[in-house]
Amino acid sequence: MSGLPWFLRLEPVHRVPGRIRLRYACRPGTPDDAATLNRVVEAVAGVTSVRASRAARSLAVRYDPAVTDATALCLALAALPIPEPAPPAPAAEGGAGGAALVRSLATLAGGFLLPMPLRLPLSLAVAMPMLREGMAIYGREGVNSHVLEAAAVAISLARRDFTAANTTVFMLALGEYMEDSIARRSDALLKRLLRPSSDQVWLLRDGVEILVPADTVLVGDSVVIGAGTVIPVDGTVLSGEATVNEAAMTGESAPVVKQRGSAVLSGTLMEEGRLVVYAEHVGSHTAAARIADYVEQSLTAKSEAQLDAARLADRLVPTVLKLAGGSFLMTGDWRSAASVLQADYSCALKLATPVAFKSAMYGAGQAGILIKGANALERLAQADTVIFDKTGTLTTGDLQVTDSIAFDPTFSPDDLICLAASVEEHYFHPLAMAVVNAAKETHNRHFDHQEVKFIVAHGVASVIDGKRIVVGSRHFIEDDEGIDTTAHREAIDALHRDGKTLLFIGFGGVLAGVLALKDSVRAASAATIARLRRAGVKRVLMLTGDHRDRAAELAAELHLDGFHADLLPTDKARIIEDLSREGARIAFVGDGINDAPALAGAHVGIAMQKGADIARLTADVALLEDRIERVADAKETANAAMALIARNYRLTVGLNSAILGAAALGLLSPVGTAVLHNGTTIGILLNALRRAPVAVPRA
C-alpha cells in the first residue's frame with residue numbers, strides 16, 4: 001500500500017511507566033480490525049504487548065522503558081504506513097498435517113520391507129518437506145528449533161540410519177498434528193461461547209412477514225422470532241410472550257419469560273412462544289457481535305508470560321546446538337549429536353502457555369465471566385489492590401423506600417407513599433419504580449389525578465382534588481414551585497446525612513412530606529471481599545460520590561481498607577492514576593458511564609453485568625450476570641491459570657533438560673529422544689488444556 005500514515009488521529013489519554021493508552025482513528029478505507037492493530041503495533045520496536053478495542057477506539061500499549069519511551073513510541077506509531085492485509089489463515093482442520101502424519105507412519109511401518117537401494121529415496125521423499133522448511137527458516141531467521149530437528153533427520157539419513165530418520169519424522173509429524181489439534185480445540189472452546197445466528201431474519205413490514213438477509217436489518221425494524229430461533233438483535237418486545245434461554249449471554253440457566261416491554265439480547269435462544277421485537281442494536285453493534293469481537297481479540301493477543309516463554313525457547317536454541325557439537329566431539333558419534341538436536345524446548349514452551357490461557361478463558365466464560373484476552377487474565381492475576389465503585393457494585397443499585405415522613409397531618413406515612421405512587425406510576429425511573437413498589441406493600445390506596453406532566457431532571461406534576469401535586473427534587477420543590485421547606489430542615493438534613501436519596505412531595509403549595517430512599521448492600525459483598533483477600537489481594541478500597549458519613553458506614557460494615565467519598569467522575573481516574581504511580585496493581589470494578597475513565601486507567605478493569613455499554617467496552621473483564629461473586633471467581637480463575645502455566649513451565653524445563661542431558665551422554669538413541677520429547681510435549685499440552693472448575697452458585 002502507499003506510504004501514507006495509517007493513523008489520522010493518535011492521542012495519549014493515560015500513561016504510567018511502561019504503559020500508555022491512546023485514542024486512535026485510522027485513515028478511511030484502511031484495515032482497522034483489532035487483529036491487524038495488534039499485529040502491526042506489536043511489531044514496533046520496544047512494544048511488548050498490545051490490546052486494541054475497535055469499539056472504544058482505544059489502544060493499550062505496554063513497552064520496555066529500556067528500549068523506548070512514551071514520546072518516541074507515539075511518534076513511531078504516528079509514522080506507521082498503511083499495513084498490508086494479513087495473510088490468510090491456514091485451513092482449520094489441518095488437513096496437510098494429517099496427510100504428513102499418514103505418510104510418515106506408512107514409511108516407518110513399511111519402509112524396512114523395501115530393498116535397501118529404495119529405502120533412501122523413500123525416506124528422503126517423506127522427510128523432504130521438513131528438510132526444505134528447515135533450510136528456508138535457517139535462511140530467514142537463523143537457527144531455531146525447526147532447524148535443529150531438520151539437522152537431526154539429515155544426520156540420520158546421511159548415516160543411512162533409516163529407522164531413526166523415519167521414526168523421528170513420524171514423531172515430529174505426530175507432535176505437530178497433536179499440537180495443532182490442541183490449539184484448534186482451545187480456540188474452538190472460546191468460540192463456542194457464542195451461538196451462530198441465522199443468515200436470514202423474518203421482519204414484520206406493513207402487516208406482512210418477509211424473510212430478509214440478516215445484514216440488512218435496520219434499527220427500528222420489527223423482527224419476528226419463533227421457537228427454536230436464536231435472537232438476532234438487541235431490542236424490546238413489542239408483542240407476544242415467550243421463554244428465552246439466556247445462558248449463552250448471562251450464564252443464567254433457567255429460561256426467562258419475555259413479554260411486551262421486556263429487553264432481549266442477541267445470541268440468546270427462544271425456547272417456546274413467539275415474539276415481535278423492536279430492533280435497537282443490529283449487526284456489529286449487538287451484544288453478541290461485541291462479544292465475538294472480544295473473543296477474536298483474545299485469540300490473537302499475547303500475554304507477557306507467553307512472550308517470556310517464547311523468548312526463553314529462542315534463547316535456548318544456541319545452547320542445544322552447542323551441546324550437540326560438544327557431544328559429538330566427546331563421543332565421536334553422530335547418533336548422539338542427532339539425539340541432542342531433537343530435545344529442544346520450543347514446542348511445549350511456546351504452545352502450552354496460550355492453550356492454558358484460552359482454556360481458562362473458556363471456563364470463565366461458562367461461569368459468566370468474559371475475559372478479553374490472555375493479557376487481561378495475566379494482569380488480573382497480578383492485581384494486588386481491588387477498588388470498587390459503590391453504587392451498583394457493592395450495592396444492588398436498586399433503591400428502596402426506607403422512610404416516609406408526613407408533615408401534613410392529613411396523611412399517614414403510608415398515605416404519603418401512595419400519594420406519590422399515584423402520579424409516579426406513569427414514570428419508568430428508578431426512583432419512581434421504588435415508590436410504586438413501596439406502595440404495593442401498603443394498603444395501596446390510589447389517588448385519582450389528572451394528566452401527569454414530566455419535568456425533565458426535576459420530577460412529575462399533576463392535580464388531585466383540585467390541588468397541584470408535585471413530586472421530585474428539592475430544587476424542583478423550592479426553586480421552581482416556591483414551596484418553603486425551612487420548618488422541616490432538621491429532619492431533612494438528618495436524612496441527608498444518612499446518605500439517603502430524598503423525594504419531596506408538595507401538595508396544594510405546601511410540603512406534604514418527604515420519602516427517603518436508600519440503596520441496599522449486596523448480600524454477597526462481604527464474602528466476596530473476604531475471598532479476594534484469600535486470593536492474594538492486599539488492599540480493598542471503595543470510591544463513591546456519596547457523602548462521607550454513608551461511605552464510612554459501608555466501609556466499616558464490609559471491613560474495607562479505605563474509601564474516598566464525595567467524588568466526581570474525574571476524581572476516580574485521578575485516584576487510580578496516583579495509586580498506580582505508587583506501584584499498586586489495581587483491579588477496578590465499576591458499572592457506570594462515569595466509571596469508564598477509571599476502568600481504562602486501572603491495571604485491569606472489571607465491568608458489572610448491568611453496566612453501561614461504554615463501561616463494558618472499556619473494561620478488560622465483563623461480567624455476564626449481575627453477581628458480585630463473579631469478581632472473586634475471576635480473580636481465582638486468573639490465579640489458577642497462572643499457577644497452571646507456572647507448573648507447565650517447570651515441567652517443560654525439567655523434563656526437556658533431563659532428556660537433553662541423557663541424549664548428550666549417549667544414553668538415548670535418536671528414536672528414544674524423539675519418542676520421549678514429543679510424548680512429553682503432548683502431555684504438557686493436554687495438561688494445559690485442563691482448566692480449573694469455576695464455581696457457579698445459584699441463588
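Predicted model only: the values in this text are computed from it and were never measured.

1. Points about the overall build of the protein
1) Next: Helices and strands together make up the secondary structure of the protein, namely 24 helices and 24 strands.
2) Next: Of all intrachain contacts in the protein linking residues separated by at least 6 positions in sequence, the fraction that spans at least 24 positions is 64%.
3) Next: When the accessible area of the protein is evaluated, it comes to approximately 30,900 Å², of which 57% is carbon and sulfur surface.

2. With respect to the confidence of the model for the protein
1) Next: Mean pLDDT over the protein: 78, with 78% of residues reaching 70 or higher.
2) Next: The element-level mean pLDDT for the protein is lowest in helix H7 (residues 247-250), coming to 52, with helix H18 (residues 525-534) highest at 95.
3) Next: A low-confidence stretch, residues 88-95 (pLDDT under 50), is modelled with four contacts involving residues beyond four sequence positions or located in other chains.
4) Next: Segment residues 192-197: pLDDT under 50, and 14 contacts once partners within four positions in sequence are set aside and those in other chains are kept.

3. Regarding the packing of aromatic side chains
1) Next: Using the criterion set out here, one finds four aromatic pairs in the structure.
2) Next: A centroid spacing of 6.3 Å and a plane angle of 70° characterise the contact between Phe411 and Phe447, whose relative ring orientation is edge-to-face. In this pair, Phe411 sits in the loop between strand S14 (395-406) and helix H14 (413-424) while Phe447 sits in the loop between helix H15 (430-440) and strand S15 (453-455), placing the two residues 36 residues apart along the sequence. When sorted by exposure, Phe411 lands in the same class as Phe447, which is buried.
3) Next: An aromatic cluster of three or more residues is present, and its members are Trp6, Phe7 and Tyr24.

4. Description of the side chain of Lys390
1) Next: Tracing the chain through its elements places Lys390 in helix H13 (residues 390-394).
2) Next: Setting aside anything within four residues of it in sequence, one finds Lys390 in contact with Thr395, Met542, Leu543, Thr544, Asp546 and Leu554.

5. Regarding the packing of H18 against helix H23 (residues 629-664)
1) Next: Axis separation between H18 and H23 bottoms out at 8 Å; the angle between their running directions is 15°. Regarding the angle of H18 to H23, the classification is roughly parallel. Regarding H18 and H23, the two cross each other, and that crossing is left-handed. Each of Thr528, Arg531 and Leu532 in H18 lies in contact with H23, whose residues at this interface are Glu629, Val631, Ala632, Asp633, Lys635 and Glu636.

6. Some points on the pattern of salt bridges
Opposite charge on two side chains allows them to pair when their charged atoms are near.
1) Next: Summed over the entire model, instances satisfying the criterion amount to 20 salt bridges.
2) Next: Notably, a salt bridge pairs Lys518 with Glu553, separated by 3.8 Å at the nearest N-O pair. Taken together, the positions of Lys518 in strand S19 (residues 510-521) and Glu553 in helix H19 (residues 548-557) put the pair 35 residues apart, joining distant regions of the chain.
3) Next: Close ionic contact of Arg574 with Asp578 constitutes a salt bridge, the shortest N to O distance being 3.7 Å. Linking Arg574 with Asp578, this pair stays in helix H20 (residues 569-581), spanning four residues, or about one helical turn.

7. Here we look at unusual backbone geometry
1) Next: Of note in this structure, Asp206 is not a glycine but carries a positive phi near 55°.
2) Next: Its location among the elements puts Asp206 in the loop between strand S5 (200-205) and strand S6 (208-213).
3) Next: If you check the backbone angles, Asp465 has positive phi at about 50° while not being a glycine.
4) Next: By secondary structure assignment, the location of Asp465 is in the loop between strand S16 (459-464) and strand S17 (467-472).

8. Considering the sheet that holds strand S3 (residues 47-53)
1) Next: Here we have four strands laid out as an open sheet, ordered S1-S2-S4-S3, and antiparallel in their pairing. The open sheet has two edge strands with one neighbour each: strand S1 (7-16) and S3. Adjacent strand axes in the sheet meet at a mean angle of 25°, parallel and antiparallel pairs treated alike.
2) Next: In this sheet, strand S2 (residues 19-26) lies alongside S1 in antiparallel orientation, the contact comprising eight bridges. Along S2, the bridge assignment pairs Glu11 with Arg23.
3) Next: Lying on the sheet, helix H1 (residues 34-42) is in contact with S1, S2, S3 and strand S4 (58-63); it crosses S3 at an angle near 160°.

9. Focus on H18
1) Next: If you check which residues of H18 are buried, you get Ser525, Thr528, Ile529, Arg531 and Leu532. Along H18, the residues classed as buried sweep out an arc of 160° about the axis, all on the same side.
2) Next: Each element contacted by the buried residues of H18 is listed here: strand S13 (385-389), H13, S19, strand S20 (539-543) and H23.
3) Next: Where H18 terminates, the next one or two residues include Gly536, which has phi positive at roughly 105°.

10. Overview of H19
1) Next: Every buried residue of H19 is accounted for by Arg550, Ala551, Leu554 and Ala555. End-on, the buried residues of H19 take up no more than an arc of 135°, which puts them together on one face.
2) Next: Buried positions along H19 lie against H13, S14, S19, S20 and strand S21 (562-564).
3) Next: Positive phi appears at His559, one or two residues downstream of H19, with a value of about 60°.

11. Observations regarding the pairing of S19
1) Next: Among the twelve residues that make up S19, nine are buried, leaving the element largely enclosed by the rest of the structure.
2) Next: Both S14 and S19 contribute to a ladder of eight bridges, which runs antiparallel. Residue pairing in the sheet places Leu399 in a bridge with Asp519 of S19.
3) Next: Alignment of strand S18 (residues 501-507) against S19, held across seven bridges, turns out to be antiparallel. Of the residues in S19, the one forming a bridge with Ile505 is Gly513.

Thresholds, definitions, all that
Counting starts from 1 at the beginning of each chain's written sequence and moves along it residue by residue. Under the rules for a predicted model, residues below a pLDDT of 70 receive no local features and side-chain atom pairs below 80 are neither given nor counted, while totals for whole chains, interfaces and linings still include all residues. Values reported for side chains reflect all heavy atoms of the structure, with hydrogen atoms and water molecules removed beforehand. Working definition: helices are DSSP H or I runs of at least four residues, strands are E runs of at least two. Numbering for both runs from the N terminus. Contacts: residue pairs with any heavy atoms within 4.5 Å of one another. Only the protein chains shown count as cover for residues, and the accessible areas themselves come from Shrake-Rupley with a 1.4 Å probe. pLDDT expresses how confident the predictor is about each individual residue, on a scale running from 0 to 100. Stacked, edge-to-face and tilted labels apply to pairs of Phe, Tyr and Trp rings (six-membered ring for Trp) whose centres lie within 6.5 Å, assigned for plane angles under 30 degrees, over 60, and everything in between, in that order. Burial classes: relative accessible area under 20% of the type maximum marks a residue as buried, over 50% as exposed, and values in between as partly exposed (1.4 Å probe, protein chains only). Helix axes are fitted to C-alpha atoms over the stretch in contact, other axes to C-alpha atoms as well, and angles between N-to-C directions run from 0 to 180 degrees. These descriptions rest on fixed angle ranges, namely under 35 degrees for roughly parallel, over 145 for roughly antiparallel, 65 to 115 for roughly perpendicular, and the rest for oblique. In this scheme the handedness of a crossing depends on how the near helix is turned from the far one: anticlockwise by less than a right angle means left-handed, clockwise means right-handed. When a carboxyl oxygen of Asp or Glu lies within 4 Å of a side-chain nitrogen of Lys or Arg, that pair is called a salt bridge. Strand pairing follows a simple DSSP-based rule, namely that at least 2 bridges must link the two strands. By definition, the arc is the one covered by directions from the helix axis to the C-beta atoms.

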